[in-house]
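Structural features, examined
What follows is the residue order along each chain.
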Protein chains: 2
Amino acid sequence: MSKLLADPATLTHDQLEEGTVFAPRFDAAGLVTVVTVEAGSNDVLMLAHMNAEALTLTLETGIAHYWSRSRAKIWKKGETSGETQQVVELRTDCDQDAIVLVVNQSGRGAACHTGRKSCFYRRAAVIDGQAALEDTGLPILFDPAEVYASQP
Amino acid sequence: MSKLLADPATLTHDQLEEGTVFAPRFDAAGLVTVVTVEAGSNDVLMLAHMNAEALTLTLETGIAHYWSRSRAKIWKKGETSGETQQVVELRTDCDQDAIVLVVNQSGRGAACHTGRKSCFYRRAAVIDGQAALEDTGLPILFDPAEVYASQP
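The following paragraphs examine the structure supplied in this document.

**A look at the relation of the copies chain B and chain A**
With an RMSD of 0.0 Å, the operation that places chain B on chain A is a rotation of 180° combined with a shift of 0.0 Å along the axis. Here the transformation between the copies is reduced to the relation of a two-fold axis. Minimal C-alpha separation from the rotation axis in chain B is found for Asn42(B), amounting to 2.7 Å. Residue by residue, 100% of the interface of chain B is reproduced at the interface of chain A, so both copies engage with the same surface.

Shown next as structure tokens:
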């Protein structure tokens, strides 16, 4: 559907891994996994997915668009919360089935729907043979109940 | 199977997102997605998957273990190449279906099977209405043909 993106079936293994043709390998659900990191700090903000349309919109507009698996629709990040993401760089991996999106996070600087900068705000530790989570201390930058109040 | 990990079905939504119980939400294939980043620099090294066994082994040993989807087996990273990963921190996200693994990369410092530090060595750019990839210039730290020569 997208004229921006090539079909990986047209590439050899070597072209896929070392070449200059961008031919994302979408999975059976038509998605690639996206790791979104903050420009400068490299902090991992979130993990999400893109289909060909979301990837094309992201490349064309320079604003992060994802595919919401829970809502089954294109998700312009920040459309409700104001926490949009301006793309600084979009990288793919060796076998072109994953993406790193380097962004400037606008709004209050909170990529997570809980109001925190990052979704990864808890670390796991093994205590007495049981894995437990500890908060890493990221501050809550907005009140989700307020920001998403008007959502259906 | 793992006594370390709790069953997410036993948690409320709030406990899942704000609690201290580690209850990873494995997908239909029994996997969670893992973003592996380098301690200190925060550079994204690779994206991979873990099943409950790989996650448990990683927590218990402090050495990164993944599930290899292509080989359908537990994959102790670096077993062939020597490029093992020592875990500094393991974080999970708001809905506990993804992991960030912060590691020290040993060996030659190359997490990618192509011999580069990171799998994300190409950036996408739109040129004349077509997306093309450019090499970001990561050096090749080992010769894959040599390192993987003995592999079936």
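Moving on from the coordinates now.
**Quick notes on helix H2 (residues 52-61) of chain B**
Buried residues of H2(B): Ala52(B), Ala54(B), Leu55(B), Thr56(B), Thr58(B) and Leu59(B), and no others. Positioned one or two residues after H2(B), Gly62(B) has a phi angle of 75°, which is positive.

**Notes on the pattern of salt bridges**
Within the structure shown, the criterion is met by 22 salt bridges over all chains. A salt bridge links Glu18(A) to Arg116(B); its shortest N-O distance comes to 2.7 Å. Of this pair, Glu18(A) sits in helix H1 (residues 13-18) while Arg116(B) sits in the loop between strand S6 (98-105) and strand S7 (122-127), on two different chains. Using a relative accessible area of 37% as the deciding quantity, one classes Glu18(A) as partly exposed. The salt bridge involving Arg25(B) is made with Asp95(B); its shortest N-O contact spans 3.4 Å. Taken as a pair, Arg25(B) in the loop between helix H1 (13-18) and strand S1 (32-38) and Asp95(B) in the loop between strand S5 (85-92) and S6 lie far apart in primary sequence, 70 residues in all. Residues joined by salt bridges that share partners form a network here, namely Arg25(A), Asp95(A), Asp97(A) and Arg69(B).

**Quick look at the packing of aromatic side chains**
Residue and element names in this part refer to chain A. A complete count under the given rule lists 4 aromatic pairs over all chains for this structure. Between Phe142 and Tyr148, the aromatic rings sit 6.1 Å apart at their centres with planes inclined by 65°, giving edge-to-face as the arrangement. Relative accessible area serves as the criterion here: at 6%, Phe142 is assigned to the buried category. Residue Tyr148 is classed as partly exposed on the basis of its relative accessible area, which comes to 27%. For Arg116, the ring lying beneath its charged end belongs to Tyr121, and the centroid distance is 3.8 Å.

**With respect to the interface of chain B and chain A**
Across the contact, 49 residues belong to chain B and 49 residues belong to chain A. Three residues, Phe120(B), Arg122(B) and Leu133(B), lead the burial of chain B against chain A; their summed loss comes to 17% of the area buried on that side. Our count for the contact surface shared by chain B and chain A stands at 6 salt bridges. Going through the elements one at a time, H1, S1, strand S2 (44-50), S5, S6, S7 and strand S8 (130-135) of chain B are the ones with two or more residues in the side of chain B that touches chain A. Residues of the side of chain B that touches chain A, tallied by class, amount to 24 nonpolar, 13 polar and 12 charged.

Thresholds, definitions, all that
- Residues numbered from 1 in each chain as written.
- Chains lettered and ligands numbered in written order.
- Predicted model: local features only at pLDDT ≥ 70, side-chain atom pairs only at ≥ 80, totals over all residues.
- Heavy atoms only, no water.
- Least-squares fit on C-alpha atoms with pLDDT ≥ 70 in both.
- Contact = heavy atoms within 4.5 Å.
- Buried < 20%, exposed > 50% of the residue type's maximum accessible area, 1.4 Å probe, protein only.
- Helix = DSSP H or I, 4+ residues; strand = E, 2+ residues; numbered from the N terminus.
- Salt bridge = Lys/Arg side-chain N within 4 Å of Asp/Glu carboxyl O.
- Phe/Tyr/Trp six-rings, centres within 6.5 Å; stacked < 30°, edge-to-face > 60°.
- Lys NZ or Arg CZ within 6 Å of the ring centre and 35° of its normal.
- Buried area = accessible area lost by both parts, 1.4 Å probe.
- Nonpolar A, V, L, I, M, F, W, Y, C, P; charged D, E, K, R; others polar.

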